[in-house]
Amino acid sequence: MSHYDVIIIGSGAGGGTLAHHLASSGKKILILERGGYLIREKANWDATEVFVNNRYVSRDTWFDSDNKPFQPGVHYFVGGATKMFGAAMFRLREHDFKAHRTADGMTPDWPISYQELEPYYTKAEILYQVHGKRGDDPTDPPASAPYPFPPVSHEPRIQEMVDGLKRAGYHPSYAPTGIMLDEAHRAHSRCIRCNTCDGFPCLVHAKADAEVIAVRPALQNPNVTLLTNAQVTKLETIASGRAISKVIVERAGSHEEHSGDIVVLSCGAANSARLLLMSGNEHHPHGLANGSDLVGRNYMFHNSLALVALSLRVNPTNFQKTMTINDFYRSGRDCHYPLGNIQMIGKSMGPMFREDAPSFAPGFTLEMMARHAVDFWLTSEDLPMPDNRVTVTSTGDIKLSYTPTNLEPLERLRAELRLMLQHMDMHHYLIPSTYYMGKHIPLAGVGHQSGTCRFGTDPHISVLDVNCKAHELDNLYVVDTSFFPSIGAVNPSLTAIANAMRVGDHLLQRLA
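In this text, all values refer to a predicted model and were calculated from it rather than measured experimentally. (Residues numbered from 1 in each chain as written. Predicted model: local features only at pLDDT ≥ 70, side-chain atom pairs only at ≥ 80, totals over all residues. Heavy atoms only, no water.)

1. What about the side chain of Thr102?
Working step 1: Looking at the element boundaries, Thr102 is found in strand β5 (residues 101-102).
Working step 2: Within polar-contact distance, the side chain of Thr102 engages the backbone oxygen of Gly105 at 2.6 Å.
Working step 3: Not counting residues up to four positions away in its chain, the partners in contact with Thr102 are Thr107, Tyr337, Pro338, Glu381, Leu383 and Asn406. (Helix = DSSP H or I, 4+ residues; strand = E, 2+ residues; numbered from the N terminus. Polar contact = N/O pair within 3.5 Å; in protein donor to acceptor, adjacent residues only side chain to side chain. Contact = heavy atoms within 4.5 Å.)

Written out as structure tokens, the structure reads:
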């Protein structure tokens, strides 16, 4: 059995970033990734392969509350879910950290403030090469530094939309985006501003994903080891049950055991909960760290809609993800609770409309629709509810029970977007699109999964302490989005990255 100072299970936004943060310490670090490297191939940029054939989606089977099987939209690769994300790098807003009223009830307080996380947001933006413009968005929280890179410029059709919205009194702003783009020196830019960023793996490694930004640089240090295709099946504890003694791994058909002074989970909210629940013993009869009965509970993944508007004129935009609208993030036009975020998503292509479009847009062929399409992503927060939870079946599979909450804000946000269409030279209808979520089962769209191991100060109502250490174990931490007490209404990636750096500083002090 090999021993390490730190074992990190998972190499995505949380785990990969933590490995990078600790790499220069000289401590012996092991990264365990259940997948392999995502192969660079022409199919990376093939819409049919990516969205229709689900070439890179895991073959996992999960079950819903009625025990019906479904294929979740999860991706197991070095870099985790960031290999396929759209690189939207939003900070949560200040009010997201505080209890606030929604249409369906109150959200909980976070045990830390925005101000405590702010320095790490700044560091995260630098590491992940985020492009943006401070103060452009009226909901921007205070920041201690400007964005490290200028905003990604709008292409002509998007700029026309921005101008039209501003004339109508809205506040469209540049979307913060993590890509390796140098618009001032395009001949030397790694990013080529293509139309295959959002939902695709990047063939030229120009998306700021955790593999490229964090894991590969970390591995340049001789003290960091990565094992791929290494699925952790169980965590064992010492005799007292107060610390992890062994990490049990299945790799290449063989059984391995590793030990670490510190063990960190970053498997994704559902899989981290599953591993804890699967690792129960006499001291933890209901699963590790689960004395509060909260492991797996309070699952959230946002209320989201992918919508396609049809431009009156052809939309020749390639890189479309440059605009966001947060006018209704804090409150609606005629209500005092938050509605959420509107942002652009990657430019749709004909194959993506195969099952969605014809009945909604008579007279449009798929390719004609794609040429005229302008694509939006609407996000509002769902609430942390105890019965929205991850459990484990008798065969060890994930069962995800979920009842939607707080849906009214999303419908109000859709209505607000529809009012905006006239100011952007669009047809009056919005077409729902399921391609971006990968499946026609909303539950399968797990890209923003969070909340199954919430952190807090009271071990009776939280799984982790303020440093994301399990209350009941002395050497177990969780740094994926499981720790979220609430989810806000923006993409969770940057918050997971910033928090991994915050936890990383705590671990550096502990390991000193």
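Still more to cover.
2. Focus: the packing of helix α3 (residues 114-127) against helix α9 (residues 493-511)
Working step 1: Packing of α3 against α9 leaves a shortest axis separation of 8 Å and a crossing angle of 110 degrees. Viewed along their axes, α3 and α9 adopt a mutual orientation that is roughly perpendicular. As α3 packs across α9, the resulting crossing turns out to be right-handed. The segment α3 lies against α9, with Leu117, Tyr120, Tyr121, Lys123, Ala124, Glu125 and Leu127 engaging Leu494, Thr495, Ile497, Ala498, Asn499, Met501, Arg502 and Asp505. (Axes fitted to C-alpha atoms, helices over the stretch in contact; angles between N-to-C directions. Parallel < 35°, antiparallel > 145°, perpendicular 65-115°, else oblique. Left-handed = near helix turned anticlockwise from the far one by under 90°.)

3. Here's the deal with the confidence of the model for the protein
Working step 1: Overall, the prediction assigns the protein a mean pLDDT of 94, with 95% of residues at 70 or greater.
Working step 2: Confidence drops under pLDDT 50 across residues 436-440; counting only partners more than four residues distant or on other chains, this segment forms 16 contacts. (pLDDT = per-residue confidence, 0-100.)

4. Observations regarding helix α4 (residues 156-167)
Working step 1: Spanning 12 residues, α4 covers 17 Å between terminal C-alpha atoms, matching the ideal 16 Å at 1.5 Å per step.
Working step 2: Positive phi appears at Gly169, one or two residues downstream of α4, with a value of about 95 degrees. (Expected span 1.5 Å × (residues − 1).)

5. Quick look at helix α6 (residues 269-278)
Working step 1: The element α6 is largely enclosed, with a buried count of eight among its 10 residues.
Working step 2: Residues of α6 that are buried: Ala269, Ala270, Asn271, Ser272, Ala273, Arg274, Leu275 and Leu276. (Buried < 20%, exposed > 50% of the residue type's maximum accessible area, 1.4 Å probe, protein only.)

6. Here's the deal with the environment of Gly86
Working step 1: Assignment of secondary structure puts Gly86 in the loop between β4 (69-70) and β5.
Working step 2: Between the C-alpha atoms of Gly86 and Val390, which are 304 residues apart in sequence, the distance is 26 Å.

7. Observations concerning the pairing of strand β2 (residues 29-32)
Within a regular beta strand, the side chains point alternately toward one face of the sheet and then the other, so they alternate between its two faces.
Working step 1: Alternating residues of β2 divide into Ile29 and Ile31 and Leu30 and Leu32, and every residue in both groups is buried.
Working step 2: The sheet contact formed by strand β1 (residues 2-9) and β2 spans four bridges and is parallel. Residue Ile7 lies in a different strand from β2, and its bridge partner there is Leu30.
Working step 3: Bridge count for β2 against strand β10 (residues 224-227) is four bridges, and the pairing is parallel. Paired with Leu32 across the bridge in β10 is Leu227. (Pairing = 2+ DSSP bridges.)

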